[in-house]
Amino acid sequence: MKATNLKLPGLILIEPNIFRDSRGFFSETYNAQQFAEAGITEAFVQDNHSHSADRGVIRGLHFQAPPHAQDKLVRVSRGAILDVAVDIRVGSPTFGQHEAVVLSAENWHQLWVPKGFAHGFCTLEPDTEVQYKVTEFYAPEVDFGLAWDDPALGIDWPVRGEEAVLSPKDRKHPRLAELPEHFSY
């Protein structure tokens, strides 16, 4: 496995080994020892799996606030996404900045998103499946979001507002300037 620290401190791109032959492939998508060597020692408590039928589905930007803040390990088992993490740690030198990477079934990459980041993605292909491990159980009382299309974030989404497929809940998230201080650096 290869682990690469991205420009925003805490975000890590994981490239698991994949072994292909005429039958298909085999890969360890998670190995606690290898992840610890990459600096990821948190214990996972829940696995989530989403399916998006169409291209242009945006899920996010989501986060859970303390005391149930979550770290996430995100991967794609079918299709492809533009995966985005936004630093929402007040006082961070990278506050309000984002990182965007393509995760796909083809490239087999994963993204480690630590607490203090809002996370979301846009499907680049129909019938995309995203799986992610989290370090805290879902807690609806601290489930929040950030407006995916906030111009202050400068995210170059592959769809525009009228093309994006969002849940009613995701259409109502506040912009960064209106977001309460949930995390501090």
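An unreviewed UniProt entry lists the chain under the name dTDP-4-dehydrorhamnose 3,5-epimerase, with Methyloceanibacter methanicus given as the organism. Taken directly from UniProt, the Pathway (unreviewed entry) text for the chain runs: "Carbohydrate biosynthesis; dTDP-L-rhamnose biosynthesis." Taken verbatim from the UniProt record of the chain, the Sequence similarities (unreviewed entry) comment is "Belongs to the dTDP-4-dehydrorhamnose 3,5-epimerase family."

Once that is clear, we can look at the packing of aromatic side chains. If you walk through the whole model with that rule in mind, you get 7 aromatic pairs. Judged by centre distance (5.3 Å) and plane angle (85 degrees), the rings of Y30 and F44 are edge-to-face. Within this pair, whereas Y30 is found in the loop between β4 (24-27) and α1 (32-37), its partner F44 is found in the loop between α1 and β5 (46-52), the two being separated by 14 residues in sequence. Here W148 and W157 contribute two aromatic rings whose centre-to-centre distance is 5.9 Å and whose plane-to-plane angle is 70 degrees, an arrangement assigned as edge-to-face. As far as the burial class goes, W148 and W157 line up, both buried.

Read across the open sheet, the 5 strands follow the order β10-β8-β12-β6-β14; overall the sheet is antiparallel. With one partner strand each, in any of the chains shown, β10 (98-104) and β14 (143-145) form the two edges of the open sheet. If you compare each strand with its neighbour and ignore which way they point, the axes differ by 30 degrees on average. Two strands pair when backbone bridges link them, and strand β6 (residues 58-64) and β14 are joined in this way by 3 bridges, in the antiparallel orientation. The residue bridging Q64 from the neighbouring strand is D143, located in β14.

Turning our eyes to something else, we now look at the nonpolar core. Among the nonpolar cores identified, the biggest contains 21 residues, and I58, L61, V86, I88, L146 and W157 are the most heavily contacted of them. Mapped onto this core, the elements with two or more residues apiece are β6, β8 (80-87) and β12 (117-123). Sequence-distant contacts of L146, defined by excluding residues within four places in its chain, comprise G60, L61, F63, V86, I88, A118, L153, H173, P174, R175, L176 and L179. Core analysis: the next-biggest nonpolar cluster, separate from the first, contains 15 residues, L6, L11, V76 and V113 among them.

Parameters at a glance
- Residues numbered from 1 in each chain as written.
- Predicted model: local features only at pLDDT ≥ 70, side-chain atom pairs only at ≥ 80, totals over all residues.
- Heavy atoms only, no water.
- UniProt positions renumbered as here; feature names shortened; annotations may be inferred.
- Phe/Tyr/Trp six-rings, centres within 6.5 Å; stacked < 30°, edge-to-face > 60°.
- Helix = DSSP H or I, 4+ residues; strand = E, 2+ residues; numbered from the N terminus.
- Buried < 20%, exposed > 50% of the residue type's maximum accessible area, 1.4 Å probe, protein only.
- Pairing = 2+ DSSP bridges.
- Axes fitted to C-alpha atoms, helices over the stretch in contact; angles between N-to-C directions.
- Core = buried A, V, L, I, M, F, W, Y, C linked by side-chain atoms within 4.5 Å.
- Contact = heavy atoms within 4.5 Å.

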